[in-house]
Structure formats: C-alpha cells, structure tokens
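One-letter residues, chain by chain:
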Amino acid sequence: MRPKSFVGVVGLALCLVSGAVPARGQGHFEFGFHYGSWSLNLLKSTFEGLADSFAEQFKNQQFDKLQEQNPGIDLREVDFLTTVEFDSSGKDFGFDVRWYPAGEKGSFSIGLAVEKLTMKIAVPTATTAMTLEDSSTHEIISFEGSASGEVKATPLAFLLTFRWDIFPRSVVHPYFTLGFGAAGVSAWDETTMTYEISGTAEFPGEEPQTISDTGSKTLLQLKEEDAQRKLEAGSDEDPFDYPIKFFPFFQLHFGLKAKLAKFAHLMVDFGILDGFVLRGGLAIRI
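Residues numbered from 1 in each chain as written. Predicted model: local features only at pLDDT ≥ 70, side-chain atom pairs only at ≥ 80, totals over all residues. Heavy atoms only, no water.

1. What to know about the overall build of the chain
Secondary structure assignment for the chain yields four helices and twelve strands. A buried classification covers 41% of the 286 residues belonging to the chain. Counting contacts in the chain only where the partners sit at least 6 residues apart, residues at least 24 apart contribute 71% of the total. For the chain, the accessible surface area stands at approximately 14800 Å², while carbon and sulfur atoms represent 61% of it. (Helix = DSSP H or I, 4+ residues; strand = E, 2+ residues; numbered from the N terminus. Buried < 20%, exposed > 50% of the residue type's maximum accessible area, 1.4 Å probe, protein only. Contact = heavy atoms within 4.5 Å. Areas by Shrake-Rupley, 256 points an atom, 1.4 Å probe, with all protein chains shown as cover.)

Written out as structure tokens, the structure reads:
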C-alpha cells in the first residue's frame with residue numbers, strides 16, 4: 001500500500017468516526033510521541049532460516065572473490081556447509097494522532113501512527129566449508145572461510161491503530177493497542193548488507209591461497225546478482241526475492257498511562273512491532 005493511499009484511508013476513517021459523534025463536541029484528539037528499542041532476539045529460533053540466507057550470501061561473496069583471484073580456472077561449487085550466529089538490535093521513533101469519539105473519559109480511540117524504525121540484524125560469525133571443482137581438470141578444491149556482517153533496514157511505516165484504555169478515569173491505567181500498516185517496497189530495496197569475509201582455499205599441488213574482502217550492498221543489488229548467477233549457471237532454483245512486495249507491519253502493545261496533567265499523559269509500553277519494542281512517550285490531548 002502506498003503511503004498516500006494509506007493516509008487517505010485513515011483520514012476517511014477518522015472523518016467517519018468523528019461524524020458519528022453527537023454535535024456537542026465531546027470528542028478529543030490526542031497527539032503522542034514515543035521512542036524506544038527494537039529487537040528480534042526473543043524470536044531467534046524463528047529466524048534461523050533468515051540467518052541461513054545471510055550465510056549463503058556470504059558464501060556467494062567468498063566464491064566470487066576466489067573466482068576473481070583465479071580467472072584462468074572455471075570453478076564450480078560442489079557442496080557447502082555453513083554455521084551461523086544471530087543477533088539483532090534497533091530503535092523506534094514515531095508519533096501518532098488519535099481520536100477519542102467519547103471524549104476525555106472515553107476508552108476507545110482510532111489513530112494514525114508514523115514509525116521510523118532502525119532494524120539491524122547481525123551475523124557476528126558465519127563459517128563456511130565449501131567443496132569446489134575445476135571444471136576443466138575436475139580437480140577438487142577445498143575452502144574454509146569465515147564472515148561477519150549486518151543487515152540494516154530503516155523503513156518509514158504508516159499504521160492504522162486501535163487503542164483501548166482500561167479504567168481511563170484512573171490516574172494510572174493500562175491500555176493495549178492493535179495496529180496494521182506497511183512501508184513501501186523501497187524499504188526492501190534500500191535495506192543494506194555490509195560484510196567482511198576471509199578464507200583459505202587448498203588447490204592440489206599449490207600453496208594455500210587466502211582471500212579477504214569487505215563491502216556493502218543493498219538487497220536490490222543482491223536480488224539482481226543472484227538472479228544473474230542462477231541464470232548463468234542454468235539453475236532451476238528460484239532466485240532470491242522479497243517475501244512480499246511491500247514491507248508489512250503488525251503491532252500489538254500493552255502499556256501503562258500516567259496522568260501528569262489534565263491534558264498530558266506519560267506512557268510506557270511493550271509489545272510486537274515486527275519484532276519486540278520497549279518504548280516510552282508523551283501524549284497531549286486537545
């Protein structure tokens with residue numbers, strides 16, 4: 001969904017809600033700002049496949065570097081084995097505009113949130129054992145290497161959110177928020193992977209050969225390179241691609257809201273936003 005279209009839908013929803021409120025002007029707007037930390041570490045086991053994909057990209061970089069250093073040999077990959085570690089970190093900054101149809105003491109609200117996230121998925125260590133073949137002589141070359149790297153995404157997301165304040169008249173009260181939204185496909189395209197690779201290849205009858213390289217590529221570049229690689233190799237495997245054509249977001253947060261003044265609330269919450277987020281913020285009602 002394009003950001004402009006999403007904003008239009010939310011604007012229409014807010015108008016419909018506000019139009020349903022009696023004309024006595026009991027509805028209230030609330031503006032909020034928040035900042036916090038983001039991580040996937042609580043779901044490490046779920047993202048093992050993602051880490052394996054990163055390790056395969058590192059392996060491809062090692063293979064390309066070795067082929068670059070040996071232009072007279074047509075190398076062919078026979079087999080490979082990788083082991084990989086996984087870590088993640090990031091931050092979330094954003095603001096939202098909310099409409100409380102029932103006014104100051106109302107529980108339900110609907111809003112539009114704009115989130116600017118920094119999402120870092122790191123592979124501190126990835127080791128590779130690769131078996132290669134000289135296509136001309138059919139001699140076997142063994143390779144052992146290591147790599148480290150980081151994938152960093154900085155999507156700007158728009159979310160439609162629904163919030164329920166529990167016991168809203170209390171000075172301190174809980175709430176929970178449900179939200180859905182997206183960032184455009186450019187969030188995938190502009191995601192960057194930085195890497196550092198090294199390794200040693202054993203060619204029959206020769207001294208061991210070492211490689212090393214560092215670099216940075218976007219997912220769009222990796223996507224294009226992997227498609228070209230599989231085309232040249234005549235592989236029937238599907239090339240690397242994005243899971244879907246936009247960057248989806250799902251939010252489910254639980255928090256506490258403390259009244260600092262009649263118009264101001266301090267907020268802290270924890271929950272899911274394409275990962276786990278812990279954040280604090282300030283909300284102002286008018």
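Having seen the structure, we can now continue with the description.
2. Points about the pairing of strand β12 (residues 276-285)
Sheet topology places strand β1 (residues 28-39) next to β12; ten bridges connect them, and they run antiparallel. Paired with Phe33 across the strands is Leu282, a residue of β12. Judged from the nine bridges that link them, strand β11 (residues 264-273) and β12 form a sheet pairing that is antiparallel. Considered in β12, the bridge of Phe270 is made with Leu278. Here β11 folds back onto β12, and the loop between the two strands holds two residues, one of which, Asp274, carries a positive phi near 50 degrees. (Pairing = 2+ DSSP bridges.)

3. Digging into a nonpolar patch on the surface
Taken together, Leu42, Val171, Val172, Leu256, Val268, Phe270 and Leu278 make up a surface patch of nonpolar side chains, about 660 Å² in accessible area. Mapped onto the elements, Leu42 comes out in the loop between β1 and α2 (48-69). (Patch = residues over 30% accessible without salt bridge, like charges linked within 9 Å, V, L, I, M, F, W, Y side chains within 5 Å. Salt bridge = Lys/Arg side-chain N within 4 Å of Asp/Glu carboxyl O.)

4. A look at the side chain of Arg98
Relative to the helices and strands, Arg98 is located in strand β3 (residues 87-100). With a relative accessible area of 1%, Arg98 lands in the buried category. Looking at Arg98, its side chain comes within polar contact range of the side chain of Asp96, at 3.4 Å. One polar contact links Arg98 to Ser109, side chain to side chain, over a distance of 2.9 Å. (Polar contact = N/O pair within 3.5 Å; in protein donor to acceptor, adjacent residues only side chain to side chain.)

5. Section: the pairing of strand β4 (residues 108-134)
Within β4, 19 of the 27 residues are buried, which leaves it mostly tucked inside the rest of the structure. The pairing of strand β2 (residues 75-84) with β4 spans nine bridges and is classified as antiparallel. Residue pairing in the sheet places Thr82 in a bridge with Thr128 of β4. Bridging between β4 and strand β6 (residues 156-165) involves nine bridges; their strand directions are antiparallel. Bridge pairing links Ala113 to Leu159 in β6. Summarising the sheet, β4 and strand β5 (residues 140-153) pair through 13 bridges and their orientation is antiparallel.

6. Description of the environment of Ala227
Examined against the element boundaries, Ala227 turns out to sit in helix α4 (residues 219-233). Taking the C-alpha atoms as reference points, Ala227 and Asp238, eleven residues apart in sequence, are found 8.1 Å from one another.

7. Details of the confidence of the model for the chain
Looking at the chain as a whole, its pLDDT mean stands at 86, while 88% of the residues score no less than 70. Ranking the elements of the chain by mean pLDDT puts helix α1 (residues 3-19) last with 46 and β6 first with 97. (pLDDT = per-residue confidence, 0-100.)

8. Quick notes on the packing of aromatic side chains
Under the criterion given, the structure shown has eleven aromatic pairs. Ring centres of Phe33 and Phe95 lie 6.4 Å apart, and the angle between their planes is 40 degrees; on these two criteria the pair is classed as tilted. Placement of the pair is Phe33 in strand β1 and Phe95 in strand β3, with a sequence separation of 62 residues. Overall, Phe33 belongs to the partly exposed group, its relative accessible area being 49%. For Phe95, a relative accessible area of 38% translates into the label partly exposed. A centroid spacing of 6.0 Å and a plane angle of 15 degrees characterise the contact between Phe270 and Phe276, whose relative ring orientation is stacked. The buried category is assigned to Phe276, whose relative accessible area is 18%. Taken together through their ring pairs, the aromatic side chains of Phe108, Phe162, Trp164, Phe176 and Phe254 make up a single cluster. Here the guanidinium or amino end of Lys59 rests over the ring plane of Phe80, the centre of that ring lying 4.3 Å away. Taking NZ or CZ as reference, Lys223 lies 4.6 Å from the ring centre of Tyr242, over its face. (Phe/Tyr/Trp six-rings, centres within 6.5 Å; stacked < 30°, edge-to-face > 60°. Lys NZ or Arg CZ within 6 Å of the ring centre and 35° of its normal.)

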